[in-house]
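Coordinate inspection notes
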Amino acid sequence: MLILGLESSCDDCSAAIVEETLSGPVLKSLVRRSQDELHGPFGGVVPELAAREHLLQVRGVIIEALERAGIRLAQLDRIAVTQGPGLVGSLLTTFSAAKAMAWREGLPWVGVHHLLGHLNAARFAAPDLAFPALVLLVSGGHTHLYHADSWTHLDLLQKTRDDAAGEAFDKTARMLNLGYPGGPIVDACAREAVTSAGRFTPPKFRDGKPAWSFSGLKTGMKLRIQAEPGVEDAGPEDPRVQALCRSLQEAVSAWLLKPISGYAEAIQARSFILSGGVACNSRLRAEAAQVAATLDLRLAIPEPSLCTDNGAMIAAAGALLEPDPDPWAA
Ligand code: KG4
Ligand code: ZN
């Protein structure tokens, strides 16, 4: 089965051709246009600008994905597209394009939940993964831990009460004038650090319910930056900047992984899946591997290009879902 997968829920416009085979999904092509330069000056995604840019990008992205895979539109068996959640104006672009193409070509159409897409990104490297699995999805918009009993079903176990973990990276990079998006830059700076700038205190919740919180981490970082005169303009080579980045990265990684062992036991997990943009983080990947080894869990982390938003993960999820029998119904 040949699937075209489309994704534009935030600031990446992406199309991919995936072939679903008996031994799992095979990536034929993946095209992604980033909007980092457009949003960089604002230090975060501007929804209206993102939607307009997607409109300009969507056609070229689809054509390039087909060309690179050597596939004609008529050879496709199905079109899969992100249905939500995400920025409405951005989602609408690929959503409308997918429906229009499916209508014209008479192709089955399937809408995919964005987070089911992130889960299925892990299927490219580990199609035979054993369930139940713990699924940690961490990006600029989500910090959610799920219990999955298959590739198509997620039950929420725990999430952030405020900011997503990716925001802590983006905001730190912004406060230190390092650029946008913050995650890759903070990661690179942290790897250069000789020492850390000390520990951040983990949040405590009065109601005692399991959760994460990352807004206090942003405030903690702000206070530390204020306490270091000139550090905000010192740049990525400065040892103080590198030490701050390392402290942030250590805190995010430790906090995210802390509840894993308790949940692994509770659901009798056999696997641990880590996905979403923050799953590109070098420290989190290394520490997740240690946690999985200690708990005897099979670990699946997609390669970095499939962790961030992309059309391939949407195609891989869309391959396993039932197409909408009447996509043109009002
Ligand atoms: O999944 P994604 O591409 O888009 C959303 O759905 O949000 O994730 C983007 C987020 C951004 O916050 C970005 O800073 C973060 O992922 N990110 C990273 C790294 N690469 C991207 N965070 C930490 N370390 C990285 N290497
Ligand atoms: Zn995402």
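Residues numbered from 1 in each chain as written. Chains lettered and ligands numbered in written order. Predicted model: local features only at pLDDT ≥ 70, side-chain atom pairs only at ≥ 80, totals over all residues. Heavy atoms only, no water.

What follows is about the coordination of the zinc ion (ligand 2). Distances from the zinc ion (ligand 2) to its protein donors, namely His114 (NE2), His118 (NE2) and Asp309 (OD), fall within the range 2.1 Å. Mapped onto the sequence, the residues coordinating the zinc ion (ligand 2) show the spacing H-x3-H-x190-D. Of this pair, His118 sits in helix α4 (residues 114-120) while Asp309 sits in the loop between α11 (304-307) and α12 (311-318), placing them 191 residues apart in sequence. The same class applies to His118 and to Asp309, which are both buried. (Donors = N, O, S within 2.8 Å, 3.2 Å for Na, K, Ca; no water. Helix = DSSP H or I, 4+ residues; strand = E, 2+ residues; numbered from the N terminus. Buried < 20%, exposed > 50% of the residue type's maximum accessible area, 1.4 Å probe, protein only.)

Below, the discussion takes up the site of ligand 1. As a structural note, the neighbourhood of ligand 1 is formed by 20 residues, with Gly140, Asp170, Gly183, Asp187 and Gly277 the closest of them. One nitrogen or oxygen atom from the side chain of Ser139 is found 3.4 Å from an oxygen atom belonging to ligand 1. Take Asp309: an N or O atom from its side chain is 3.1 Å from an oxygen atom of ligand 1. If ligand 1 stood free it would expose 550 Å²; the protein chains cover 91% of that surface. For the shell around ligand 1, the secondary-structure elements that each account for two or more residues are α4, α5 (165-175) and α6 (182-192). In terms of residue count, α6 provides more of the shell around ligand 1 than any other element does, four residues in total. Tallied by class, the residues present in the shell around ligand 1 amount to five nonpolar, twelve polar and three charged. (Near = heavy atom within 4 Å. Polar contact = N/O pair within 3.5 Å; in protein donor to acceptor, adjacent residues only side chain to side chain. Areas by Shrake-Rupley, 256 points an atom, 1.4 Å probe, with all protein chains shown as cover. Nonpolar A, V, L, I, M, F, W, Y, C, P; charged D, E, K, R; others polar.)

Another point: the pattern of salt bridges. Close approach of charged atoms lets side chains of opposite charge pair. For the coordinates displayed, the defined rule picks out 16 salt bridges. For Glu48, the salt bridge identified is with Arg52, shortest N-O distance 2.9 Å. With Glu48 and Arg52 both in helix α2 (residues 47-69), this residue pair falls four residues apart, about one helical turn. A salt bridge links Glu250 to Arg283; the shortest N-O distance between them is 3.7 Å. With a gap of 33 residues between them, Glu250 in helix α8 (residues 239-257) and Arg283 in helix α10 (residues 282-295) connect regions that are remote in the sequence. (Salt bridge = Lys/Arg side-chain N within 4 Å of Asp/Glu carboxyl O.)

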